[in-house]
Amino acid sequence: MAAFARVSGSVGLITLQNPPVNALSAAVRQGIVDSVQRALREPEVKCVVICGQNGIFCGGADIREFSGPMSGPPLIPMIHSIEVAAKPVVAAIEGSALGGGLEIALGCHYRIAHSKTRLGLPEVTLGLLPAAGGSQRLPRLIGVPAALDLITTGRHVTAAEALQLGMVDQVTDRNVTDVAVKFALSVVGKPLDARRISMHSCPHSPDLDELFERTMQHVRQRARGAIAPVACVQAVRAAATLPYAQGMEKERELMATLFTSGQARALQYCFFAQRAIGRWSMPSGARWDTSKPRPVHKTAVIGLGTMGRGIAVTLAQAGFPVIAVENHEKQLMEAKQAISGMLERGAKRRGVTPVLNKITYSRDIQSVANADLVIEAVFEDMALKEKVFQQLSAICKPGALLCTNTSGLNVDHLASQVRNPELVVGMHFFAPAHVMKLLEVVYGPRSSPEALATAMAVGKKIGKVSVAVGNCQGFVGNRMLEHYMEQALFLLEEGATPELVDQALEEFGFAMGVFRVSDLSGLDIGWRIRKGKGLAVPDPTTGQTARVQQGRRYSPVADLICEQGRFGQKTGQGWYQYNTPGSRVGKPDPWVHNFLKDYRAQHGLVARRIDHQEVLERCLYSMINEGFRILEDGIAAGPEDIDVIYVFGYNWPRHRGGPMFYAHMVGLPKVLERLEHYHQAHPDVPSLQPCNLLRKLVANGSPPIQKWKEVMKKINSRL
Ligand SMILES: CCC/C=C/C(=O)SCCNC(=O)CCNC(=O)[C@H](O)C(C)(C)COP(=O)([O-])OP(=O)([O-])OC[C@H]1O[C@@H](n2cnc3c(N)ncnc32)[C@H](O)[C@@H]1OP(=O)([O-])[O-]
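The shown structure was predicted, so the numbers you read here are calculated from the model rather than taken from an experiment. Within each chain, residues carry numbers counting from 1 in the order of the written sequence. Only residues with pLDDT of 70 or above have their local features reported here, since the model is predicted, and side-chain atom pairs are shown and tallied only from 80 upward, although totals for entire chains, interfaces and linings are computed over all residues. Only hydrogens and water are set aside when side-chain values are computed; all heavy atoms of the structure are taken into account.

Chemist: Would you mind going over the overall build of the chain in detail, with residue names and values included?
Modeler: Counting from the N terminus, the helices are DSSP H or I runs at least four residues long and the strands are E runs at least two residues long. Broken down by element type, the chain carries 28 helices and 21 strands. Both definitions apply: the radius of gyration is a C-alpha atom measure, and the globule rule equals 2.2 Å times residues to the power 0.38. Relative to its length of 719 residues, the chain is compact, with a C-alpha radius of gyration of 29 Å against a globular reference of 27 Å. Principal-axis analysis of the C-alpha atoms places the extent of the chain at approximately 100 × 60 × 60 Å. In this scheme, a residue with accessible area under 20% of its type's maximum is buried, one over 50% is exposed, and one in between is partly exposed, where area comes from a 1.4 Å probe on protein chains only. Here the chain holds 719 residues, and 55% of them are scored as buried. When checking whether two residues touch, look at their non-hydrogen atoms; a contact exists if any pair is within 4.5 Å. The long-range fraction of contacts in the chain, counting pairs at least 24 apart against all pairs at least 6 apart in sequence, stands at 72%. Computed with a 1.4 Å probe, the accessible areas rest on the Shrake-Rupley method; for each residue, only the protein chains presented here act as cover. Carbon and sulfur atoms make up 53% of the accessible area of the chain, which amounts to about 30,500 Å² in all. Charge separation in the chain, taken as the distance between the mean sites of 80 positive and 65 negative side-chain charges, equals 5 Å. As used throughout, the charge tally considers Lys and Arg to be positive and Asp and Glu to be negative, leaving His and the chain termini uncounted. Think of each charge as sitting on NZ of Lys, CZ of Arg, CG of Asp or CD of Glu.

Chemist: Outline helix α18 (residues 498-508), supporting the account with residue identities and numerical values.
Modeler: For α18, the full list of buried residues reads P498, E499, V501, D502, A504, L505 and F508. Downstream of α18 by one or two residues, G509 has phi in the positive range, about 135°.

Chemist: If you had to explain the site of the ligand to someone new, which residues and values would you point to?
Modeler: Near residues are defined by distance, with any heavy atom within 4 Å of the molecule or strand qualifying the residue. For the ligand, the set of nearby residues contains 23 residues, the closest of which are G59, A61, G100, R275 and R279. Here A61 contributes a backbone N or O atom positioned 2.8 Å from an oxygen atom of the ligand. Contacts described as polar in this section are N or O atom pairs within 3.5 Å, which, within protein, must combine one atom able to donate a hydrogen with one able to accept it, while residues neighboring in sequence count only if both atoms come from side chains. In this structure, an oxygen atom belonging to the ligand sits 2.7 Å away from a side-chain N or O atom of R275. Elements with a contribution of two residues or more to the shell around the ligand: β5 (96-98), α3 (100-107) and α11 (262-276). Per-element accounting of the shell around the ligand gives the leading share, three residues, to α11. By the convention adopted, Pro, Cys, Tyr, Trp, Phe, Met, Ile, Leu, Val and Ala count as nonpolar, Lys, Arg, Asp and Glu as charged, and the other residues, Gly among them, as polar. Here the residues of the shell around the ligand sort into twelve nonpolar, five polar and six charged.

Chemist: Describe the side chain of N625, and please don't skip the residues or the numbers.
Modeler: Relative to the helices and strands, N625 resides in helix α23 (residues 612-632). A polar contact of 3.0 Å, which involves the side chain of N625, links it to the backbone oxygen of S687. Excluding residues that lie within four positions of it along the chain, N625 makes contacts with L675, S687, L688, Q689, P690, C691 and L694.

Chemist: Describe the UniProt feature "domain: 3-hydroxyacyl-CoA dehydrogenase C-terminal" (unreviewed entry) in the chain, listing the residues and the values that go with them.
Modeler: UniProt positions are given in the numbering used here, feature names are shortened, and annotations may be inferred rather than shown by experiment. Here the UniProt-annotated "domain: 3-hydroxyacyl-CoA dehydrogenase C-terminal" (unreviewed entry) positions come out as residues 474-578 and 615-703. Overall, residues 474-578 shows 51% helix and 7% strand. The separation of its end C-alpha atoms is 31 Å. Secondary structure content for residues 615-703 is 66% helix and 0% strand, and the end C-alpha separation is 27 Å.

Chemist: Please set out the pattern of salt bridges residue by residue, giving values where relevant.
Modeler: We define a salt bridge as a contact between a side-chain nitrogen of Lys or Arg and a carboxyl oxygen of Asp or Glu at a distance within 4 Å. Scanning the entire structure with this criterion turns up 37 salt bridges. Close ionic contact of E334 with K330 constitutes a salt bridge, the shortest N to O distance being 3.2 Å. Highlighted residues: E334 and K330, both in helix α13 (residues 329-350), separated by four residues, approximately one helical turn. For E334, a relative accessible area of 36% gives the class partly exposed.

Written out as structure tokens, the structure is:
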């Protein structure tokens, strides 16, 4: 809704009212249309101010309405009626003015913003473009280069930057509506044509053609197959080269394609999934809204390797005092230097002072005695971690939360090492921990709701996208990844090359294929883990690592590559060859091709032609199948949790929504049929055998992803 009131004698004040963000639902649009008409009709009203209730101007179109048939007055004529009004209209902006919200403000004759406001056209992040005239008005107001940047990235700007760009006319620290009301009165009677943005052409920019070409190239490279950023460039180009009416027509045409696209559905699903994961629940029934986090003032990190350093930086940057512990003097000094460098570079980028004094360094684990939350980040070795937890149990004050950053070891086993197992959870950060947004918060059967609530609250405070998951080997992300990587290795055995597999995955939208990622992160890490599991060990009689292990097919190809000292970029050789160790640009390596040929010959394998579709189906469907098993086991609460983990932790292309959303888009019957097909061809690969939940969902008519949880409940209650 929108409320109308007359204030200060002759100002018509229109207040958008739709908590929490005043999204432009049909009712709000109707309210604006009615209020504008009334303001223009009533002779006592000389000018108009539009504002939003509860400290926020407007969060844009109501995204929930996009999935159904649209009703209510459309935005474009509504904004047009504001722009052509004969009385001055001033936008009083606070909180946020985003998407359709900013487009309304651009239709107003003046814009006044509170200094804490953020403004932007984030439609591109939802697979859309600013199609209520935003793509045509913003370049006319601030010029093509700045508009291209904002519209193609969806970046939010501060009020200060908006003022500098010319998006707003004034910024204030005072009550913005009061300031806008006074301002509106001061401009009554002044000519308005110069204030009607659509009546102008874009400010001159030299070399427009070259600018658009360069931007398009850059956008295509970054978009990894997403279509909205490309459409955004085309829309701005229309603003720069066509009269307003024709530009609007182009904007409409481009939006029509985007609006119904699968990518827009995927991105909008991600928007809501990212918010839904905050509403966690545990199998015990404990929930986010009934579990109170403990206060956390002091934190500690044990172990200052790559992960520990990143975690310490993240905590310090969020304002937590950190005790950073590393027991070897030399490593402690190296870590201190590295952490200080990270803090300094981060502060420089953000234009703030580095918080070096937030971190206290120590070689003595006793120094964490007063911490409210301790994160163990020592080497991935159970015996070592057990020892650390036993020490922490003896040292830490009562009530301290003890967390492990293990990427897959048993959190419950670690909990069994301490006096208060209910205060143990996993906080699984992703490398580099100060950059990657994802945090898997792992609860065991004994973790208390309070412990989970505390870890989730800390995750939020340090700016992570935190997902609560149950305890199992590899948790959610790594458990699924194992199957993806396993298929990639099998494909090499069957005739593929690393570059063929990577190309298929990169065309799908991953920034890097599985083999490029392995080269980047180091092949030796996985090798060590496989050895730990007793997998990568040669048979003493044959000297060869068996191709069947623990009753299932196993590919020793990655182990054999490691045996050659090929650990990826750091050694200059891995799945690809690099000019020098540490170099980032890999070339296909004839050595690897010959090695694969010899390997196949040695094992009597006949190479066959493998196409991109098989690569995608084998790698992605086996991983999705494991996702269904994870849901079946109750390790993740719903498909959104898995998808958010993949989008934020594993670079899954956001415009494909996450693996479970992708399965929903492909169609569950098709995923099931292909898995059955591949399992028949490879009966010794259990990960290709369709799991029960997938079968049951298909048997239940393949409901849309939003209904899976209901079906899962029904299925579970029947079991
Ligand atoms: C022709 C078309 C042209 C125009 C297109 C557009 O405008 S496209 C739109 C372009 N606009 C955007 O892309 C802006 C999207 N919104 C945001 O970026 C942020 O919400 C925020 C910065 C406005 C507030 O951040 P914050 O951390 O304070 O709050 P929060 O993020 O936690 O959200 C609180 C609740 O509000 C919900 N909700 C929010 N927005 C919308 C919406 N537009 N709609 C519906 N719902 C929305 C959100 O789901 C959550 O609900 P829950 O989970 O409680 O049930």
